[in-house]
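Summary of structural features
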Amino acid sequence: MVFLVAFVVTYIIFKYLLEVFIYRKIKLIYKTITTSKNSKEKALEKIDLDVDILANVSKEVMEWDQNRSDEIAELKRMENFRKEFLGNVSHELKTPLFNIQGYIHTLLEGALDDPEVNVNYLQRASRSVDRLCLIVDDLEAISKMESGEMMLDQRTFDIHELTKDVFESSELKAKEMEISLSFKEGSDRQFYVYGDKDRIRQVLVNLMINSIKYGKKGGSTVVGFYDMDQNILVEVTDTGIGIDTKYLPRLFERFFRVDKSRSREQGGTGLGLSIVKHIIEAHHQTINVRSTLGVGTTFTFTLRKAR
Ligand SMILES: Nc1ncnc2c1ncn2[C@@H]1O[C@H](COP(=O)(O)OP(=O)(O)OP(=O)(O)O)[C@@H](O)[C@H]1O
Ligand SMILES: [Mg+2]
């Protein structure tokens, strides 16, 4: 009998202690988790403490753990991206910088008095300075766009007229490659859109120059416009070298180039398409690409139709 009473008393004390020190603490943890979650979601629902708290806490902790793991993975991805980006920037800046350094040293060491080479070396150094400026300008443009600082000066303009302008300014480069620039059937007329004309010119120039740089001799670049109810779809198609499908998802990344040596030979840094995408996205529009290796590439983007 005494044993039974002792057992019951011990049981009650034990249960009480368990309740006070463990269960209440878990309740507190559950309450904290739920409150913090609710305040994040800005929906302060009443916390029901009569539910199966242990199961809920375990579920919440697992969810939390999963979210943290996803967050950490994303941060690691960004960190790698940042490292790669910094590496690319310094690499791209180094090439022209070393060239300039080389020419200046040679000039100082006596070449300055040699009329056969002095002007030539200065011209080469000057070209490298131009290239440095170009890279820094592009980087500045990208960082402005990424921080949302780019203000668009939007108005109504004729995209056909603007494309004609860009055809004219690309004519010399196109002639060198014997590439013809033309409008698709039905597109050689006015198409009014609403956007930042100078930025869209930048987009067209980039796509046009790419279609020539990565074009094939004797090929063609054709621009078409399609009326799509709310938007005008602009399509730039070339008959150039094309891009392997596996590279397409990375094409709009900063510094991404399919063939690094060929692209650098052409003076490319791999910033062009990244700028193009930022401009189109700042207009709340989209840009896409499809390509067949050895056959050609088509870029399409939309612009708001003027009304
Ligand atoms: N029309 C195209 N046909 C084939 N490849 C292309 C075409 N457009 C772009 N590419 C590929 O995509 C890469 C990225 O293009 P992007 O315009 O961003 O850089 P880039 O032309 O190398 O340099 P930048 O435009 O900064 O002078 C190019 O290096 C090239 O490999
Ligand atoms: Mg380019």
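This text follows the structure it describes.
In this report, the structure presented in the accompanying data block is examined. Note that the structure is predicted; figures quoted are calculated from it, not measured. (Residues numbered from 1 in each chain as written. Chains lettered and ligands numbered in written order. Predicted model: local features only at pLDDT ≥ 70, side-chain atom pairs only at ≥ 80, totals over all residues. Heavy atoms only, no water.)

**Details of the pattern of salt bridges**
- Following the criterion strictly, the structure yields 15 salt bridges and no others.
- Among the salt bridges present, the one from Asp 165 reaches Arg 201, with a minimum N-O distance of 3.5 Å. Of this pair, Asp 165 sits in helix α4 (residues 159-176) while Arg 201 sits in helix α5 (residues 197-213), placing them 36 residues apart in sequence.
- Its salt-bridge partner being Arg 250, residue Glu 253 comes within 2.8 Å of it at the nearest N-O pair.
- Using a relative accessible area of 34% as the deciding quantity, one classes Arg 250 as partly exposed. (Salt bridge = Lys/Arg side-chain N within 4 Å of Asp/Glu carboxyl O. Helix = DSSP H or I, 4+ residues; strand = E, 2+ residues; numbered from the N terminus. Buried < 20%, exposed > 50% of the residue type's maximum accessible area, 1.4 Å probe, protein only.)

**Here's the deal with the side chain of His 278**
- As for its position among the elements, His 278 is in helix α7 (residues 272-282).
- A distance of 3.4 Å separates the side chain of His 278 from the side chain of Glu 146, its partner in a polar contact.
- Filtering out sequence-adjacent residues up to four positions away, His 278 remains in contact with Ile 142, Met 145 and Glu 146. (Polar contact = N/O pair within 3.5 Å; in protein donor to acceptor, adjacent residues only side chain to side chain. Contact = heavy atoms within 4.5 Å.)

**Points about empty space enclosed by the protein**
- Within the structure shown, the criterion is met by one cavity of 30 Å³ or more.
- For the largest cavity, the calculated volume is near 60 Å³.
- Residue lining of the largest cavity: Phe 81, Glu 84, Phe 85, Asn 88, Arg 250, Glu 253, Arg 254 and Phe 255, and that is the complete set.
- For the lining of the largest cavity, the class distribution of residues is three nonpolar, one polar and four charged.
- When residues of the lining of the largest cavity are assigned to domains, at least three fall in each of domain 1 (73-146) and domain 2 (155-305). (1 Å grid on protein atoms, 1.4 Å probe; cavity = no way out; pocket = protein on both sides within 12 Å on 5 of 7 lines; lining within 4 Å. Points joined across faces, edges and corners; volume = space filled by probe spheres on them. Nonpolar A, V, L, I, M, F, W, Y, C, P; charged D, E, K, R; others polar. Domains from an automatic or database assignment.)

**Describing the packing of helix α2 (residues 53-108) against helix α3 (residues 118-146)**
- Contact geometry for α2 and α3: axes closest at 9 Å, N-to-C directions at 160°. What the angle tells us is that α2 and α3 run roughly antiparallel. You can see that α2 and α3 cross each other, and the crossing is left-handed. Residue-level inspection shows Phe 85, Val 89, Glu 92, Leu 93, Pro 96, Leu 97, Asn 99, Ile 100, Tyr 103, Thr 106 and Leu 107 of α2 in contact with α3, the latter providing Asn 118, Tyr 121, Leu 122, Arg 124, Ala 125, Ser 128, Val 129, Arg 131, Leu 132, Ile 135, Val 136 and Leu 139.
- Partitioned by chemical class, the residues of the contact of α2 with α3 number 16 nonpolar, four polar and three charged. (Axes fitted to C-alpha atoms, helices over the stretch in contact; angles between N-to-C directions. Parallel < 35°, antiparallel > 145°, perpendicular 65-115°, else oblique. Left-handed = near helix turned anticlockwise from the far one by under 90°.)

**Some thoughts on the packing of aromatic side chains**
- Overall, the coordinates contain seven aromatic pairs when judged by the stated rule.
- Centre to centre, the rings of Phe 191 and Phe 225 are 5.2 Å apart; their planes meet at 45°, and the pair counts as tilted. Pair noted here: Phe 191 is in the loop between β2 (180-183) and β3 (192-196) and Phe 225 is in strand β4 (residues 220-228), with a separation of 34 residues, a long-range link. Across the pair, Phe 225 and Phe 191 agree in class, each one buried.
- Ring centres of Phe 252 and Phe 299 lie 6.3 Å apart, and the angle between their planes is 85°; on these two criteria the pair is classed as edge-to-face. Pair noted here: Phe 252 is in the loop between β5 (231-238) and α6 (260-265) and Phe 299 is in strand β7 (residues 296-305), with a separation of 47 residues, a long-range link.
- Classification of Phe 299 by relative accessible area gives buried; the value is 7%.
- The residue whose ring lies beneath Arg 189 is Phe 191, and the NZ or CZ to ring-centre distance is 4.1 Å.
- Cation over ring: Arg 254 sits above Phe 85, and NZ or CZ is 3.9 Å from the ring centre. (Phe/Tyr/Trp six-rings, centres within 6.5 Å; stacked < 30°, edge-to-face > 60°. Lys NZ or Arg CZ within 6 Å of the ring centre and 35° of its normal.)

**Thoughts on the packing of α3 against α7**
- Two elements in contact, α3 and α7, have axes separated by 10 Å at closest approach and are oriented at 30°. Between α3 and α7, the angle falls in the class roughly parallel. Both α3 and α7 take part in a crossing whose hand is left-handed. Where α3 approaches α7, its residues Asp 138, Ile 142, Met 145 and Glu 146 are matched on the opposing element by Ser 274, Ile 275, His 278 and Ile 279.
- Of the residues that constitute the contact of α3 with α7, the class distribution is four nonpolar, two polar and two charged.

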